[in-house]
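Listed below are the residues making up each chain.
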Amino acid sequence: MKITVIHGQGHKGITYKITKTVLEFLADADDEINEFFLPKDGPSFCVGCNTCFMKGEEFCPGADKVQPIMKSMEESEIIILDSPNYVMEMSGNMKNLMDHFAYRWITHRPHANMFKKVGLTISSSAGAPPSNTVKSMAKQLKWMGVPKVYKFTLISNALNISTISSKKEAELKQKAEKIASKVKRRAQNPHASLKGKIMFYMFRKMQSSPDAAWNPKDRDWWIEQGWIENVRPWK
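Residues numbered from 1 in each chain as written. Predicted model: local features only at pLDDT ≥ 70, side-chain atom pairs only at ≥ 80, totals over all residues. Heavy atoms only, no water.

Visitor: Any details on the packing of helix α1 (residues 14-26) against helix α6 (residues 166-188)? Residues and values, ideally.
Guide: For the pair α1 and α6, the least separation of the axes is 8 Å and the interaxial angle reads 50°. Taken together, α1 and α6 sit at an angle that is classed as oblique. Both α1 and α6 take part in a crossing whose hand is right-handed. Across the interface between the two elements, K17, I18, T21, V22, F25 and L26 of α1 pack against E169, L172, K173, A176, E177, I179, A180, V183 and K184 of α6. When the residues that make up the contact of α1 with α6 are grouped by side-chain class, the tally is 9 nonpolar, 1 polar and 5 charged. (Axes fitted to C-alpha atoms, helices over the stretch in contact; angles between N-to-C directions. Helix = DSSP H or I, 4+ residues; strand = E, 2+ residues; numbered from the N terminus. Parallel < 35°, antiparallel > 145°, perpendicular 65-115°, else oblique. Left-handed = near helix turned anticlockwise from the far one by under 90°. Contact = heavy atoms within 4.5 Å. Nonpolar A, V, L, I, M, F, W, Y, C, P; charged D, E, K, R; others polar.)

Encoded structure:
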């Protein structure tokens, strides 16, 4: 099994600790784990040039950074996104990477493999609930076609890993074991969700319309995949 982990921060704090604990319960010795740390492994800021939409993702100014991460995601059964809770949202580094993935949204050129994956979003905070952060990251994966995304939050009551209490560490470990079990079960039985299928058919109709000619790159992708006809990405 392959797992892609994207860390929305470069430092190895509490959120990183959560992710590593989940992986201890989730991954077996023969599993392949690819980790990316932002901003080091990520692209520079998206400039909104629309090149990925209109010409192709390989022509993006940041393609040399973007494509290795996307390739890893497409080849993995499990995708994990983590980010500390920064002003009630994901880190700017993570958001920037998600901006570069917009061409893979169901509205444009989704990859068939994404409809059979499982995602996990992780966030911690010192006090304020990080629920919005994990929901925001989960939304990005769902719009790329990922049918099931689990969410892990922890209010640590600590500023860093060295000040976290033993009680909170025990809570972290207990929650990590539980959610790792859920993720693993889902990964062993991948299937598309009803919501994902509805979204697919909605945008299939859009791409089948003569009005879709505004972006031939997207329309050609849907035709090449056979999705305008009878092929479906989850089969």
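From this point, the narrative continues.
Visitor: Can you break down the packing of helix α7 (residues 194-208) against helix α8 (residues 216-225) residue by residue, with the values?
Guide: For any two helices packed against each other, one specifies the inter-axial angle together with the distance between the axes. One way to put it is that α7 packs onto α8 with a least axis distance of 10 Å and a crossing angle of 115°. As for the relative orientation of α7 and α8, their crossing is left-handed in sense. For the pair formed by α7 and α8, the contact residues are F200, F203, R204, Q207 and S208 on the first element and D218, R219 and W222 on the second.

Visitor: So what's going on with the pattern of salt bridges? Which residues, and what values?
Guide: Tallying each qualifying case throughout the model produces 11 salt bridges. Of the charged contacts in the structure, one is a salt bridge between E74 and R104, with a shortest N-O distance of 2.9 Å. Highlighted residues: E74 in helix α3 (residues 63-75) and R104 in the loop between α4 (92-100) and β4 (118-125), separated in sequence by 30 residues. Here E74 falls in the buried class, since its relative accessible area comes to 12%. D99 serves as the salt-bridge partner of K95, at 2.5 Å between the closest nitrogen and oxygen. (Salt bridge = Lys/Arg side-chain N within 4 Å of Asp/Glu carboxyl O. Buried < 20%, exposed > 50% of the residue type's maximum accessible area, 1.4 Å probe, protein only.)

Visitor: Break down the nonpolar core for me, with residues and values.
Guide: Formed by 25 residues in total, the largest nonpolar core has its most connected members in I6, M73 and F101. Elements represented by at least two residues in this core include exactly α2 (51-54), α3, β3 (78-82), α4 and α5 (131-143). The biggest single contributor to this core is α3, with 4 residues. Residues within four places of F101 in sequence aside, it is in contact with V66, I69, M70, M73 and M144. Formed by 24 residues, the second largest nonpolar core is a distinct cluster that contains V5, I18, V22 and A27. (Core = buried A, V, L, I, M, F, W, Y, C linked by side-chain atoms within 4.5 Å.)

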